Structure formats: C-alpha cells, structure tokens
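Close look at the chain arrangement
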Amino acid sequence: MKSLLVIGAGGFIGGFICQQGLKRGYDTWAGVRASTSRQYLDDDRLHFATFDYDDPNAVAEALQEYKPESGKWDYIIWNLGATKAAHFQDFNRVNYQYLRTFVEQLTKADMLPERFLYMSSLSALGMDDEKGYTPMDNRMVPNPNTRYGLSKIKAETFLEMQPSLDWIIFRPTGVYGPHEKDYLMMIEMIDKGIDVGVGFKKQMLTFIYVDDLVDAMFDAIAAGVSRKKYIISEDRAYTQKEFREIVKRHLGKKHVLSLKLPNAVVYLASYAAEMWGKATMKPSTLNRDKFKIMRQRNWQCDISDAQRDFGFAPKHSLDKGIEITVKHYLKEKSR
C-alpha cells in the first residue's frame, strides 16, 4: 500500500483529495494545523499529522513523530494556500514560505517523496491575450498581476530549484463544487435574483469541478510524470450569461436581474472592502487582488499537455457540475 500525505487537508479541495486517496487504496494522511476544522475529514481510516508551518523546528519534529513505517511518504500533495488575506504579506508567508520551510525540512530528514504535487493557480501566469482571446498555455512567460499570483509563482520557482525533488505543478482555473465558498456566493446572489458582472467587454470564463481536479492529481501521479506543469480546466469556456443561465435553470429561477458594473465602481468597492478587512483583521473576499481577477477578460485554457501525458478528460461539464453543486446548496439551505 502506497502512502499519501495531503497538506492542507482541511480545506475545500483537501477533503476531496483525502476521500479519493482512500478510495484508490492509499494509506492516507491528512496534514492539518492544530486549528484546522476536521468537518470533512471524518473517515476513521485517515491518519492525522499536525504541523506548525511557522516554526521550522516544529515541522522537523512533527515529520519525525508522524512519519510512516517506511520512513517517508511515497507521495505528497501540497494543497495548502491562502486565496485571500487581510495583509498581502500573508500571501507570501502562507503560499511561499510555508512550502519552502516544509520542503527544506523534508530534505534535511531524507524524507523526499517519489512525487510532490503542488497546487498552484492559473493566476500564476497573469493576463494573456485580451484581444484575440488566445487560450493560455504553459509556454507563456509568467507575468502575474496579483500578489496572490506572485506568491504562487515564487513557490513554483522554488520547487524548480530543488534538484532532488520530483515535483508536479498543477495550475487549475476556477475550482467549484460542494463546500466551496466563492462560487457559492455567486449562486446565492442568483438565487436572490441578482447577477453582478464587472466591466462591459466580453469575458470568457473557465471552470473545473472539484472531482475532476482531484482525479487528475491521482492520474498524474500514477502516470509517473515528473517536473512538469499542467493547466487544469474543462476543455471549453463560458460567458457570464451562460454561467448565469445554467445556475438559474438548476435553481428553478425564472427571472434574474443582470447588472454590469463599471470597473471603476468595482475597484472603489474592492478598495473599501480591503481596508475594512485590514481594520478588522478579517480577510475580505472582495479586495484589489480579486478585482484584477474579476476584471480579466480571457481565462480560456489549453489543456493539451495534461490530455497527452496522463489522459486528462474532465467528466463534468459546467452544467453537470453546477447541478450537483446547486443540489448541495439547496439541501444545506433547507436545514
């Protein structure tokens, strides 16, 4: 039985990774912090490893305490990350420094795995063709335009500089599904009869259902790919109107008011929300980083590398994935 450690197991995607690891027969470990909720980590077959990523010595001690009988985990999936922060330096601390500390301690302990899969983001690439809408691919020179994206490209660069580490880097587009919060906010707004968009120029959006992303992780590991980067997305793009109509249909809504807000208005709202988040020490979903992501017009993706190397083929269209997500939302809403 191969062993798997999932770092960031308590997050939205992490719970699905652990479930899939158990389903595929891995001896699965959930890497969590002491404060992490275990709401979606209730399978008694899971092992738990608790880490304090701010303290390198504590990480080193935890690795020795929890390491499996073989002396190291066969595979590690790094899913830990911050997507919003009250202070932007927290992106660097969580998304870059935590990874660096952990890998350095793994190296010192001679516990590097056969494969280390890092969950990055499409935002690590930054903006691409906003006129011709050419799909983004891994041949692009990364030029992140958000501090979140910058922290991700720093982490990627660090991994590339590790000569003894066999890494795989995933750059997923927007991930959605049950338990996810950002897209849930959009579904809730549409359920209330309002859909708010940013800017007036055509925008092409891409999505990946959480189960398809997680399947791709295990398929890439099983295929033995190493030291390669992959964009992960459904193999088509959608307009905001198409997204709204799909959600509306599954909610059973007949009428939804579509509002298009000028970039300047959304920027001011983002700035105000960000300042309030700093004052209250509570990260705001709406901030200047998020504004840049919402303003970006072209999120189309070229996934041919993943299709070629490990047969990536998402099973969930946006329509099918939203159907499942909305059913879960309505079930939770009725409680």
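Note: the structure precedes this text.
This report concerns the structure included in the present document. Given the structure is predicted, the values throughout are model-derived calculations rather than measurements. (Residues numbered from 1 in each chain as written. Predicted model: local features only at pLDDT ≥ 70, side-chain atom pairs only at ≥ 80, totals over all residues. Heavy atoms only, no water.)

We now examine helix α5 (residues 182–191). Of all the residues in α5, the buried ones are Tyr 183, Ile 187, Ile 190 and Asp 191. Here the buried residues of α5 occupy an arc of 105° about the axis, which is enough to place them on one side. Buried residues belonging to α5 abut β7 (174–176), β8 (194–198), β9 (207–209), α7 (240–251) and α11 (318–333). Of the residues one or two after α5, Gly 193 is the one with positive phi, at around 95°. (Buried < 20%, exposed > 50% of the residue type's maximum accessible area, 1.4 Å probe, protein only. Helix = DSSP H or I, 4+ residues; strand = E, 2+ residues; numbered from the N terminus. Arc of directions from axis to C-beta. Contact = heavy atoms within 4.5 Å.)

Before going further, it helps to spend a moment on helix α3 (residues 89–108). Between its terminal C-alpha atoms α3 stretches 27 Å, which fits the 28 Å expected from 20 residues at 1.5 Å a residue. At Gln 97, α3 shows its strongest bend, of approximately 35°. Regarding α3, the residues found buried are Phe 91, Val 94, Asn 95, Tyr 96, Tyr 98, Leu 99, Thr 101, Phe 102, Val 103, Gln 105 and Leu 106. Buried-residue contacts for α3 involve β1 (3–7), α2 (56–66), β4 (75–78), β5 (115–119), α4 (147–160) and α9 (288–295). Backbone geometry just after α3 places Asp 110 at a positive phi near 55°. (Expected span 1.5 Å × (residues − 1). Bend = angle between axes of the 7 residues up to and from the residue.)

Let us look at the side chain of Asp 305. Relative to the elements of secondary structure, Asp 305 occurs in helix α10 (residues 304–310). Of the polar contacts made by the side chain of Asp 305, one reaches the side chain of Arg 308; its length is 3.3 Å. Once residues within four sequence positions are removed from consideration, Asp 305 is found in contact with Asn 138, Arg 139 and Tyr 230. (Polar contact = N/O pair within 3.5 Å; in protein donor to acceptor, adjacent residues only side chain to side chain.)

In this structure, Ile 13, Phe 170, Leu 213, Met 217, Ile 232 and Phe 310 are the most contacted members of the largest nonpolar core, which totals 61 residues. If we ignore the near neighbours within four places in the chain, the residues touching Met 217 are Ile 13, Ile 17, Ile 77, Leu 117, Met 119 and Phe 170. Core analysis: the next-biggest nonpolar cluster, separate from the first, contains 36 residues, Tyr 53, Phe 88, Phe 116 and Ile 169 among them. (Core = buried A, V, L, I, M, F, W, Y, C linked by side-chain atoms within 4.5 Å.)

Our next topic: the side chain of Asp 191. Summarising the element assignment, Asp 191 is placed in helix α5. Among residues more than four places away in sequence, those in contact with Asp 191 are Leu 251, Lys 253, Tyr 329 and Lys 333.

This part covers the sheet that holds strand β2 (residues 27–32). One open sheet holds the 7 strands; their spatial order is β3-β2-β1-β4-β5-β6-β10, and the pairing between them is parallel. Every interior strand has two partners, whereas the edge strands, β3 (47–50) and β10 (228–232), have only one. Sheet twist, expressed as the mean angle between neighbouring strand axes with direction ignored, is 20°. As judged from the 4 bridges shared by β2 and β3, these two strands associate in the parallel manner. (Pairing = 2+ DSSP bridges. Axes fitted to C-alpha atoms, helices over the stretch in contact; angles between N-to-C directions.)

Following the criterion strictly, the structure yields 26 aromatic pairs and no others. Among the aromatic residues, ring-to-ring pairing joins Phe 51, Tyr 53, Tyr 66, Trp 78, Tyr 98, Phe 102 and Phe 116 into one connected group. Between the NZ or CZ atom of Arg 38 and the centre of the ring of Phe 48, over which it lies, the distance is 4.1 Å. The cationic tip of Lys 202 hangs over the ring face of Tyr 133; the distance from NZ or CZ to the ring centre is 4.3 Å. (Phe/Tyr/Trp six-rings, centres within 6.5 Å; stacked < 30°, edge-to-face > 60°. Lys NZ or Arg CZ within 6 Å of the ring centre and 35° of its normal.)

As a further point, take the pairing of β2. Most of β2 sits out of view: 5 of its 6 residues are buried. Pairing between β1 and β2: 5 bridges, direction parallel. Within the sheet, the bridge partner assigned to Leu 5 lies in β2 and is Trp 29.

Taken as a whole and judged by the stated rule, the model has 26 salt bridges. Note that Arg 139 and Asp 137 form a salt bridge whose closest N and O atoms lie 3.5 Å from each other. Arg 244 is paired through a salt bridge with Asp 195; the nearest N and O atoms lie 2.9 Å apart. Of the two residues, Arg 244 is situated in helix α7 and Asp 195 in strand β8; the sequence distance between them amounts to 49 residues. For Arg 244, a relative accessible area of 10% puts it in the buried group. (Salt bridge = Lys/Arg side-chain N within 4 Å of Asp/Glu carboxyl O.)

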